[in-house]
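# Structure assessment
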Amino acid sequence: MSEAVAQSGGRTWRKPPAIERPWLRYGLLVFTLIYLYFAVGSYDVNWARVAEGMERGWKFIKAFANPDFVSRRSDFIEGMTESIIMTVTSTVVGIMISIPVALGAASNLAPLPIYLFCRTIIAISRALHEIIVAILMVAIFGFGPLAGFITLSFATIGFLAKLLAEDIEAMDKSQAEAVKATGASWLQWINYAVQPQVMPRLIGLSMYRLDINFRESAVLGLVGAGGIGATLNTAFDRYEFDTAAAIIITIIAIVMILEYSSSIIRRWVQ
Amino acid sequence: MLKITALSKRYKTGDDALKAVSLEVPDGQVLGLIGPSGAGKSTLIRCVNRLVEPTSGSIDLNGAQLQKMGSRKLRKSRRKIGMIFQEYALVERLSVMENVLSGRLGYVGFWKSLFRKFPQSDIDEAFRLLERVGLDHMVNKRADELSGGQRQRVGIARALIQNPELLLVDEPTASLDPKTSRQIMRLICELCEERGLSAIINIHDVALAKLFVQRIVGLQAGEVVFDGAPESLDSSVLTQIYGEEDWEATSKDKASENEEADPDDVNVEPSNV
């Protein structure tokens, strides 16, 4: 063994470092550590408050053991109904608008001006978080689920159109070419060559978005855009942790059901 | 009759794929287009139905000037030009029947095609063609469940249901095994004969081309360097098309292969049909 090493000359090898200059390499490391030390130190912890809060937190967690579905029953049902209506309508409307936007935002289908226009819509929709849009919509349309519906539809467009456009751009060119060569019109071409290729992804993304929209609808109530979030907010304001727990358990259950059914549907459409 | 005159194509990258190619294909003639990769074979047939836009020159199919047409007229003319592809180019998630019927898209309106309500005559023809290519038992199978040879048969049925005047065939056997390649080439040539169709077949396999086509055109760097009968394709011509190579050695190998293959082919044939 050692003989072989001696014969081969014993040349050593090391993986070259990602940053070549040693002073920069170690300088960055030291700087990061110092920054983190002071950054974490900047949080001032009020231990007295934590002790008090622990008790309140424990109460909240205990509330999950006996959630109260009954005492705010009508608020609860009204909020849930609103949330589900918001989720379903905004997802459907969002999908319907996303499809033409996605076709326009696919560089292999659309001419440049349309491409840029559709990409701008997507960029705006994605740049603004749901909460920010919701605050604006509540300002325009007033409190209630209409603001939430518009917010979620708008957010769905950015999400779905972007991912669908990417799938269209990645489609198999030869299938598209073959249908075009038969003398098909543009719409027929979309229906026969493009749609079959992107359909599984469209269905999968739509199911996923339905799930996201439901979760978002529970948050939008906090800024007054209707739904179960409003009921949840009221419950917290009144320290009715058992009602809050009931709401949260229901949200979790519905999200899990959606998650499970979407995985079944996605497998089925492959 | 297809008449191509001084057809040139320059890609945006500046490559001259075709340099003033002129070619006449009379009715009923099956023409094999050979040449090295990048010689412009694919570009040439795609210029005919304008999947690729020619830079200059003219394409005349039975009196229609294809290069001048606007999109509406072009769609009407594309119906008369069937195309068969390398790697089959079937829409994989559609059924065999939908793939075949997609050849009729130029003849039916959007709403009818959306709900798959094709005229009964189209459906009859689709069944007839699927029977002819031996796939009438696979009507509702999805295209991606088929083998290579079966897929190419669907591709052939899709092209023929257009009731074309011309077939453009791009490397039909490139992804098939040798036996299936022969069967597919034989099927294409038989169907052309039955219907009096003219065809341009791009093909890499010179031996296979010589076996089936009536005329061979050799393309090299965007120019026609050979045009003649398959028998006159000797080693000096092959060198002209493809460059220096020991053609004698390969053609001797090919000859002995053919001798072995031919009786075998005869044996296999009945059980297969």
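These numbers come from a predicted model, not from an experiment.

### Quick look at the overall build of chain A
Check the secondary structure of chain A and you find 11 helices and zero strands. Counted from the first residue to the last, chain A has its helices and strands arranged as α-α-α-α-α-α-α-α-α-α-α. For a compact globule of 270 residues, the expected C-alpha radius of gyration is about 18 Å, and chain A comes in at 27 Å, more than 25% above that figure. Dimensions of chain A, computed from C-alpha atoms along their principal axes, come out at roughly 85 × 70 × 40 Å. Within chain A, buried positions represent 39% of all 270 residues. Summarising the internal contacts of chain A: among those between residues at least 6 apart in sequence, 76% fall at separations of at least 24. Within chain A, the 21 negative side-chain charges are centred at a point lying 7 Å from the centre of the 22 positive side-chain charges.

### Looking at the overall build of chain B
Within chain B, the regular secondary structure consists of 10 helices and 10 strands. Dimensions along the principal axes, computed over C-alpha positions, put chain B at roughly 55 × 50 × 30 Å. A burial count over chain B gives 50% of its 273 residues as buried. A sequence separation of at least 24 residues applies to 70% of the contacts in chain B between residues at least 6 apart. Element-wise, carbon and sulfur atoms account for 48% of the exposed surface of chain B, whose accessible area totals about 12600 Å². Here chain B holds 36 positive side-chain charges and 40 negative ones, and the gap between their average locations is 12 Å.

### Looking at the state of the cysteines
Residue and element names in this part refer to chain B. As enumerated under the stated definition, the model contains zero disulfides over all chains in all. The thiol sulfur of Cys192 is not disulfide-bonded, and the nearest other cysteine sulfur, from Cys189, lies at 6.3 Å. By relative accessible area, which is 2% here, Cys192 ends up buried.

### Some details on the interface of chain B and chain A
Contact with chain B, which involves 30 residues of that partner, is made by 20 residues of chain A. Between chain B and chain A, roughly 2100 Å² of surface is buried when both sides are summed, and carbon and sulfur atoms account for 58% of that area. The largest per-residue losses of area from chain B upon contact with chain A belong to Arg93, Leu105 and Phe110 of chain B, which jointly make up 27% of the total buried on that side. At the boundary of chain B and chain A, one finds one salt bridge. Salt-bridge contacts for Arg46 of chain B lead to Glu177 of chain A; the nearest nitrogen and oxygen are separated by 2.8 Å. The interface formed by chain B and chain A includes 13 residue pairs in polar contact (both at pLDDT 80 or more). No other element matches helix α4 (residues 110-114) of chain B, which puts three residues into the side of chain B that touches chain A. Taken together, the residues of the side of chain B that touches chain A sort by class into 13 nonpolar, seven polar and 10 charged.

### Section: the confidence of the model for chain A
In the predicted model, chain A carries a mean pLDDT of 91, and 97% of its residues have values of at least 70. Across chain A, helix α5 (residues 112-127) of chain A holds the top mean pLDDT of 96, while helix α1 (residues 2-8) of chain A sits lowest at 54.

### Considering the sheet that holds strand β8 (residues 198-202) of chain B
Residues and elements named next belong to chain B. Pairing is mixed in the open sheet, where six strands are placed in the order β6-β7-β8-β3-β9-β10. Taken across any chain shown, the strands that pair with only one partner, and hence form the sheet edges, are β6 (81-84) and β10 (223-228). This sheet shows a mean twist of 20 degrees between the axes of neighbouring strands, independent of strand direction.

Basis of the calculations
Residues numbered from 1 in each chain as written. Chains lettered and ligands numbered in written order. Predicted model: local features only at pLDDT ≥ 70, side-chain atom pairs only at ≥ 80, totals over all residues. Heavy atoms only, no water. Helix = DSSP H or I, 4+ residues; strand = E, 2+ residues; numbered from the N terminus. Rg over C-alpha atoms; globule rule 2.2 N^0.38 Å. Buried < 20%, exposed > 50% of the residue type's maximum accessible area, 1.4 Å probe, protein only. Contact = heavy atoms within 4.5 Å. Lys, Arg positive; Asp, Glu negative; His and termini not counted. Charge placed at Lys NZ, Arg CZ, Asp CG, Glu CD. Areas by Shrake-Rupley, 256 points an atom, 1.4 Å probe, with all protein chains shown as cover. Disulfide = S-S within 2.5 Å. Buried area = accessible area lost by both parts, 1.4 Å probe. Salt bridge = Lys/Arg side-chain N within 4 Å of Asp/Glu carboxyl O. Polar contact = N/O pair within 3.5 Å; in protein donor to acceptor, adjacent residues only side chain to side chain. Nonpolar A, V, L, I, M, F, W, Y, C, P; charged D, E, K, R; others polar. pLDDT = per-residue confidence, 0-100. Pairing = 2+ DSSP bridges. Axes fitted to C-alpha atoms, helices over the stretch in contact; angles between N-to-C directions.

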